[in-house]
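# Per-entry structural report
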Amino acid sequence: MSESPEQLLIRAERARRHAADDPASGRRVAIAVADDARRVGAVEAVVVALTAAGWAAREVYDHEAALNCLHEAVRRARRAELGDRLAEALVARAGVYMEFGRTAGARRDIMAARAAATDRTRAEVECAEALIEQLN
């Protein structure tokens, strides 16, 4: 029996915490959760897991893999109209863009994140925006 979307979302949130604590192994866990969530069409869980995997890949300096995960997370979140999840993925991708020196891309993502965010993620977006402005 396959997991429900709610169970997969719980696993994705756990994978996000794991990826923050231990990027190398957390990334593998997040990718596995994303694969499981794709199989059952649990879009929000896919987005959370891919955002976690992307950020973890960035932490281990695999920026190409980070962008691949984050591009997919952004596309899926945008298509499913998952405002806060979209904002989270855009903030993560903006961080990767900044590390590449792609300031214009980072700013575009932050502006899009600002538009997608609700009260739940607005502070995270504003913090990322301030950091980007400070680094320029």
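Because the structure is predicted, anything quoted here is derived from the model rather than measured.

### What about unusual backbone geometry?
Keep in mind that most residues, glycine aside, have a negative phi and that most peptide bonds are trans. You will see that Tyr61, though not glycine, has its phi angle at about 65 degrees, which is positive. Take Tyr61: it is sitting in the loop between helix H3 (43-59) and helix H4 (63-79). Tyr61 sits in the exposed class, given a relative accessible area of 69%. Although it is not a glycine, Glu81 adopts a positive phi angle of roughly 55 degrees. Positionally, Glu81 belongs in the loop between H4 and helix H5 (83-99).

### Focus on the nonpolar core
Soluble globular proteins: nonpolar side chains tend toward being buried together. The biggest cluster of nonpolar side chains holds 46 residues, and the ones touching the most others in it are Ile110 and Val125. Of all elements in the fold, only helix H1 (5-21), helix H2 (23-40), H3, H4, H5, helix H6 (103-116) and helix H7 (122-135) reach the threshold of two or more residues within this core. Here Ile110 is in contact with Val91, Ala94, Val125, Ala128, Glu129 and Ile132, once residues within four sequence places are set aside.

### Things to note about H2
Here H2 is 18 residues long and its end C-alpha atoms lie 25 Å apart, about the 26 Å a rise of 1.5 Å per residue gives. For H2, the set of buried residues is Pro23, Ser25, Gly26, Arg27, Ala30, Val33, Ala34 and Ala37. Tucked inside the fold, the buried residues of H2 contact H1, H3 and H4. With its phi angle positive at about 75 degrees, Gly41 sits one or two positions after the end of H2.

Cut-offs applied
Residues numbered from 1 in each chain as written. Predicted model: local features only at pLDDT ≥ 70, side-chain atom pairs only at ≥ 80, totals over all residues. Heavy atoms only, no water. Helix = DSSP H or I, 4+ residues; strand = E, 2+ residues; numbered from the N terminus. Buried < 20%, exposed > 50% of the residue type's maximum accessible area, 1.4 Å probe, protein only. Core = buried A, V, L, I, M, F, W, Y, C linked by side-chain atoms within 4.5 Å. Contact = heavy atoms within 4.5 Å. Expected span 1.5 Å × (residues − 1).

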